[in-house]
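A structural walkthrough
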Amino acid sequence: ATDRGVYVSHDGGANFRVVRSKVMQDRFISRWYWDKNNPDLLFAVDTYEVLLSDDGGKNFESVFAAGGEIRDVAMSGDTVLISTSEGLYVVGGEGTRHVLQKSDILGAAGRPGGGIIAITKDTIWWITPDDRTIRVASTSSTDPYMRLVGNESVAWILSKHAGLPIGTPVAR
């Protein structure tokens, strides 16, 4: 995505063509996700929406509109975790659940057994499979949490001064 539109390549980046789609006009795409098993399946994330293309980027449609600014999107099995300034949206086969409403969620990752770990700038949250929320840890204003990255096996919480591993120990 550029200030001149969205470009797509079908030859590994040797050539690009502009996507001529009214849905994609005037969008700021902050993240792209694609299915490694189906290269025609693309997700584009802008400030307030998630868009889907199932034809390799020729056409896009809005598939999710957030109640706040989208901070991050993570996949966990068949579930999509959408972190927003107004809470965490858990989108899966059973519909959409909105947890930690009115919290500015910076990131989330699925955990084995169906739970979710999520962060705000000052709190680590555990969300149980039945959507109970448990405050796991807090930090000070001088070392805020900034990002959560990872998957069900291992995740990292990045703060201003440290990286905290969550899950399976990493061999060194």
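In this report, we go over the structure that sits alongside the text. (Residues numbered from 1 in each chain as written. Predicted model: local features only at pLDDT ≥ 70, side-chain atom pairs only at ≥ 80, totals over all residues. Heavy atoms only, no water.)

A closer look at the overall build of the protein chain
Counting its secondary structure elements, the protein chain contains 0 helices and 17 strands. On C-alpha atoms alone, the protein chain measures out to a radius of gyration of 17 Å, which is about the 16 Å that the 2.2 N^0.38 rule sets for 172 residues. Projected onto its principal axes, the C-alpha coordinates of the protein chain cover approximately 45 × 40 × 35 Å. Within the protein chain, the fraction of its 172 residues that count as buried is 37%. Sequence-distant contacts, at least 24 apart, represent 25% of the contacts inside the protein chain between residues at least 6 apart. About 10200 Å² of surface is accessible on the protein chain, with carbon and sulfur atoms providing 50% of the total. Here the protein chain contributes 18 positive and 21 negative side-chain charges, whose respective centroids are spaced 5 Å apart. (Helix = DSSP H or I, 4+ residues; strand = E, 2+ residues; numbered from the N terminus. Rg over C-alpha atoms; globule rule 2.2 N^0.38 Å. Buried < 20%, exposed > 50% of the residue type's maximum accessible area, 1.4 Å probe, protein only. Contact = heavy atoms within 4.5 Å. Areas by Shrake-Rupley, 256 points an atom, 1.4 Å probe, with all protein chains shown as cover. Lys, Arg positive; Asp, Glu negative; His and termini not counted. Charge placed at Lys NZ, Arg CZ, Asp CG, Glu CD.)

Some remarks on the nonpolar core
If you look at the biggest cluster of nonpolar residues, it comprises 12 residues: Ala74, Leu81, Leu88, Val90, Val99, Leu100, Ile105, Ala108, Ile116, Ala118, Trp125 and Ile127. Only β9 (87-92), β12 (116-119) and β13 (123-127) provide two or more residues apiece to this core. Beyond its immediate chain neighbours, meaning those up to four positions away, Val99 contacts Gly87, Leu88, Val90, Ile127 and Asp131. (Core = buried A, V, L, I, M, F, W, Y, C linked by side-chain atoms within 4.5 Å.)

Here we look at the environment of Arg132
Mapping Arg132 onto the fold places it in the loop between β13 and β14 (133-138). Through-space distance from the C-alpha of Arg132 to that of Phe28 is 34 Å; in sequence the pair is 104 residues apart. Not counting residues up to four positions away in its chain, the partners in contact with Arg132 are Trp126 and Ile127.

Some remarks on the sheet that holds strand β15 (residues 145-150)
A sheet is described by the order of its strands in space; here 3 strands give the open sequence β15-β16-β17, paired in antiparallel fashion. The strands lining the two open edges of the sheet, one partner per strand, are β15 and β17 (163-167). Mean inter-strand twist for the sheet, computed between neighbouring axes without regard to direction, equals 20°. Across 5 bridges, β15 lies against strand β16 (residues 154-159) in antiparallel orientation. Paired with Gly150 across the bridge in β16 is Ala155. (Pairing = 2+ DSSP bridges. Axes fitted to C-alpha atoms, helices over the stretch in contact; angles between N-to-C directions.)

Structural notes on the pattern of salt bridges
On inspection of all chains with the given rule, the structure shows 5 salt bridges. Notably, a salt bridge pairs Asp72 with Arg31, separated by 3.6 Å at the nearest N-O pair. Highlighted residues: Asp72 in strand β7 (residues 70-76) and Arg31 in strand β3 (residues 31-35), separated in sequence by 41 residues. Between Arg97 and Asp131 there is a salt bridge; the shortest N-O distance is 2.8 Å. On the criterion of sequence distance, the pair formed by Arg97 in strand β10 (residues 95-99) and Asp131 in the loop between β13 and β14 is long-range, its members being 34 residues apart. Sharing partners across several salt bridges, the network here consists of Glu69, Arg71 and Asp104. (Salt bridge = Lys/Arg side-chain N within 4 Å of Asp/Glu carboxyl O.)

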